[in-house]
Amino acid sequence: MGDQLHKTTSPLPANPEQQAGGGVSGEVQKAPVVHPVALAHLQKIYDAHRNKDTKTWTAAEVTSFLGHVQGEKASELSPDLLPNQEWTFDAFLRYMTSESSSAIAPHQKQDFTYPLSSYFVSSSHNTYLTGNQLSSDSSTEAYKNVLLRGCRCIEVDVWDGDDSDSDTSSSSSDSDNEDGSPKAKRKYTATKVKEKLPTSLIGRLEKTSIGKKLDKYADKPADSTPAATSTGTTTTATPEAQPTVELEKKTTGSSLLKKITSVREPRVFHGYTLTKEITFRDVCHTVRDYAFTVTDLPLIVSLEVHCSPEQQEAMVHIMEQVWEDYLLPTPDDEANELPGPESLRNKILVKVKYTPPDKEAASPDLSEEDRKKLAQVKSSTSTKKGDAAPAKKKASKVIQALSKLGIFTRGVSFKSLTQPEAAMPTHIFSLSENTVMEVHEKSQRELFEHNRRYLMRTYPSGLRITSSNLDPVVFWRKGIQIVALNWQNWDEGMMLNEGMFAGTGGYVLKPVGYRCDKKKSLPEPTTSTTTPKESKDDHTAPQAEAVTHRTMDLSIKILAAQSLPLPADEKSAMTFNPYVKIELHVEEPGERHGRHTRQEFPNDGKEKSGEYKAKTKSIRGTVDPDFNSQELVFKGIKGVVPELSFVRFLVKDNASLARDSLSSWACVRVDRLRSGYRFLALFKGETEDDGEVSGELSEGGIWVKVEKRLY
């Protein structure tokens, strides 16, 4: 994994397996060494439990310590730890530096025979991007990165290629200097993007790299009028339309046009933005090479298709040629229920817009986000009185050959939870975070019931141009399986994704009550006129009753930390003043009871800090701080569903005159947080010069004592 990576907006690590995300990391976490500051605490623990006569731990002391303090059985330990014999201090250290002492319990073996709708899936949004949503690079390395980190649902936005394409091409577009066309496209797009951004946002972006790129490429207001041709006809060179228009100008013979079109291949990029392109073929090759390197659980490839029919045929040919046996065979009959991941191992599931076999494609394959962008572009190019109308690009349709590849993941445009397609077992709705809020406001019960039986995907708002993330837990609690996140941005949303999927291979079986029955035909979808048996009244959503909500008492003593990474703005340990902050992310009462007012939806689904917080005092001038067993206590926390609640650990630098930068972090699901004396491995925080969180596993960690009670 030591290949030199393509330098992009946000440099990708050479070893993605060491980077958090959700799926692979967390399988093996233990203390590599014990620093003196921690060794002193471990010596005290050993001395407090040793036999007064032998000065060691007899088998009885070992069993007592493991059972009463650590909450585990001696039989669960590895044989090389000799749990049934005397423990010297060296034997105790072997235990404390083994995987058995990790603060995160290994993920239990899962049953993968439930229908797909019964699992949460670690998912990526706009996977090809390496940075922000407006001007960052697209790269095949971004696909490689997320796949090696355990991502099981990736996104590919596919557009018509231009006539400079060939069967083999590089992973980035460097054609700006070949002719004026790419520059014109970029100039047009930059102008329109800048016109549509709120003035307040442009002001904030002015001194950033995004703002500078917009200023560099955008037209002056007076120059943004569409140019007139020699015949006096006004044309609009929309980014996606221009290559096809140019081809039609170059030839009037249909055979020649087909010949030229045949050498073009689809491109992958973020439409209506300044992001650079890569070829669809290169993406498919990368997916083939890394899809099943770290897990054999099925990979969902979510296609957003904006191509002409000819280019869609090219897509089908490329996927069948490159992915071959990874694709599912065409079934003889329609499925009446979803299969489980077990029967789909080493398979690629294509998610694509569904076109019924007895109809031609009836609607553009545009997401909500793209429809809004297209409407903005159209409105901005409306002509003044007396001008000729701009040329209109025919909306792209999904051809039957491409639609057939979506066997168990057939994309259907969402209108309501009672539309006819909502009863089709293999359909999947894709809703933006804002649309989910609107549906939840009006139809909480129906939304939850739908997601017990059928697939749903949600993705960040198009206004998140810096690639920030939503709060995924809010949407998981609605039963949504595929919550797509921007993996290139290490914020709270991605930390929670790590907490959910660490060491799982990217699939997590939902709690009982959130999933449907195994090997049973799917029931009819809930409608506004039917009431599920488990619901007691019109104001209580199934989420409130699907699982038992418990009360939690949690106490965490911070003994010491070691080898803490220095934040980028710290050049010496002498000026580093670390402290530990803990945040709990648990379900809120308004969310749980499914109130009808939108204000009750937690923070409108936006990412936010945990509801419950506590922090230690800071320790001056060291990367190996002794926190002297400072205790952080959370008592009587109500509404806890352990499988959907999280504890986030943040190690920060106490900067008296500046923002406290993040040194390192960890996130643990409550049901996997072990009791007793434990070592918590940490991921790197803001260790990059640009202040970005790297998410790579560090050599540092925290020694803690955890006491957890659920009742």
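Quick note: structure is the one above.
Residues numbered from 1 in each chain as written. Predicted model: local features only at pLDDT ≥ 70, side-chain atom pairs only at ≥ 80, totals over all residues. Heavy atoms only, no water.

## Some details on the overall build of the chain
- Along the backbone of the chain there are 18 helices and 19 strands.
- The proportion of buried residues among the 711 residues of the chain is 58%.
- Sequence separation of 24 or more characterises 78% of the internal contacts of the chain that already satisfy a separation of 6 or more.
- When the accessible surface of the chain is totalled, it reaches about 30,600 Å², and 49% of it is carbon and sulfur. (Helix = DSSP H or I, 4+ residues; strand = E, 2+ residues; numbered from the N terminus. Buried < 20%, exposed > 50% of the residue type's maximum accessible area, 1.4 Å probe, protein only. Contact = heavy atoms within 4.5 Å. Areas by Shrake-Rupley, 256 points an atom, 1.4 Å probe, with all protein chains shown as cover.)

## Regarding helix H3 (residues 89-96)
- In terms of burial, H3 is a largely internal element, six of the eight residues being buried.
- Those residues of H3 lying buried are Phe 89, Ala 91, Phe 92, Leu 93, Tyr 95 and Met 96.
- Each element contacted by the buried residues of H3 is listed here: helix H1 (36-49), helix H2 (59-69), strand E18 (676-684) and strand E19 (697-710).

## Digging into the sheet that holds strand E15 (residues 626-640)
- Here eight strands make up an open sheet; going across it, the order is E14-E13-E16-E17-E18-E19-E12-E15 and the pairing antiparallel. The open sheet is flanked by strand E14 (612-615) and E15, the only strands paired with a single partner. Across the sheet, the axes of successive neighbouring strands diverge by a mean angle of 30°, strand direction being ignored.
- On top of the sheet, H1 reaches strand E12 (550-562), E15, E18 and E19; it is set at about 125° to E12, its chief contact.
- On the sheet, helix H17 (residues 492-501) packs against strand E13 (578-585), strand E16 (646-653), strand E17 (662-669) and E18 and is oriented at approximately 45° with respect to E17. (Pairing = 2+ DSSP bridges. Axes fitted to C-alpha atoms, helices over the stretch in contact; angles between N-to-C directions.)

## Some remarks on the pairing of strand E10 (residues 482-485)
- Here E10 shows two buried faces, one formed by Ile 482 and Ala 484 and the other by Val 483 and Leu 485.
- Here strand E1 (residues 119-124) pairs with E10 via four bridges, running parallel. Bridge pairing in E10 places Ser 122 opposite Val 483.
- The pairing of strand E9 (residues 455-459) with E10 spans two bridges and is parallel. Residue pairing for E10: Thr 458 is matched across the bridge by Val 483.

## A few points about unusual backbone geometry
- Within the chain, Asn 346 stands out as a residue other than glycine whose phi angle is a positive 60°.
- Relative to the assigned elements, Asn 346 resides in the loop between helix H11 (309-323) and strand E6 (348-353).
- A positive phi angle is found at Asn 628, which is not glycine, with a value near 55°.
- Mapped onto the fold, Asn 628 is located in strand E15.
- Classification of Asn 628 by relative accessible area gives exposed; the value is 58%.

## Quick word on the pattern of salt bridges
- With the rule as written, the count across this model stands at 21 salt bridges.
- Measuring nitrogen to oxygen at the nearest pair gives 2.9 Å for the salt bridge that ties Arg 281 to Glu 265. With a gap of 16 residues between them, Arg 281 in helix H10 (residues 280-290) and Glu 265 in the loop between helix H9 (254-262) and strand E3 (267-268) connect regions that are remote in the sequence.
- Owing to a relative accessible area of 11%, Arg 281 belongs among the buried residues under this scheme.
- Residue classification places Glu 265 among the buried residues on the basis of a relative accessible area of 6%.
- Note that Arg 648 and Glu 583 form a salt bridge whose closest N and O atoms lie 2.7 Å from each other. In this pair, Arg 648 is assigned in strand E16 and Glu 583 in strand E13, connecting sequence segments 65 residues apart. The two residues Arg 648 and Glu 583 agree in class, both being buried.
- A cluster of three or more residues bridged by salt bridges with shared partners is formed by Glu 492, Lys 581, Glu 583 and Arg 648. (Salt bridge = Lys/Arg side-chain N within 4 Å of Asp/Glu carboxyl O.)

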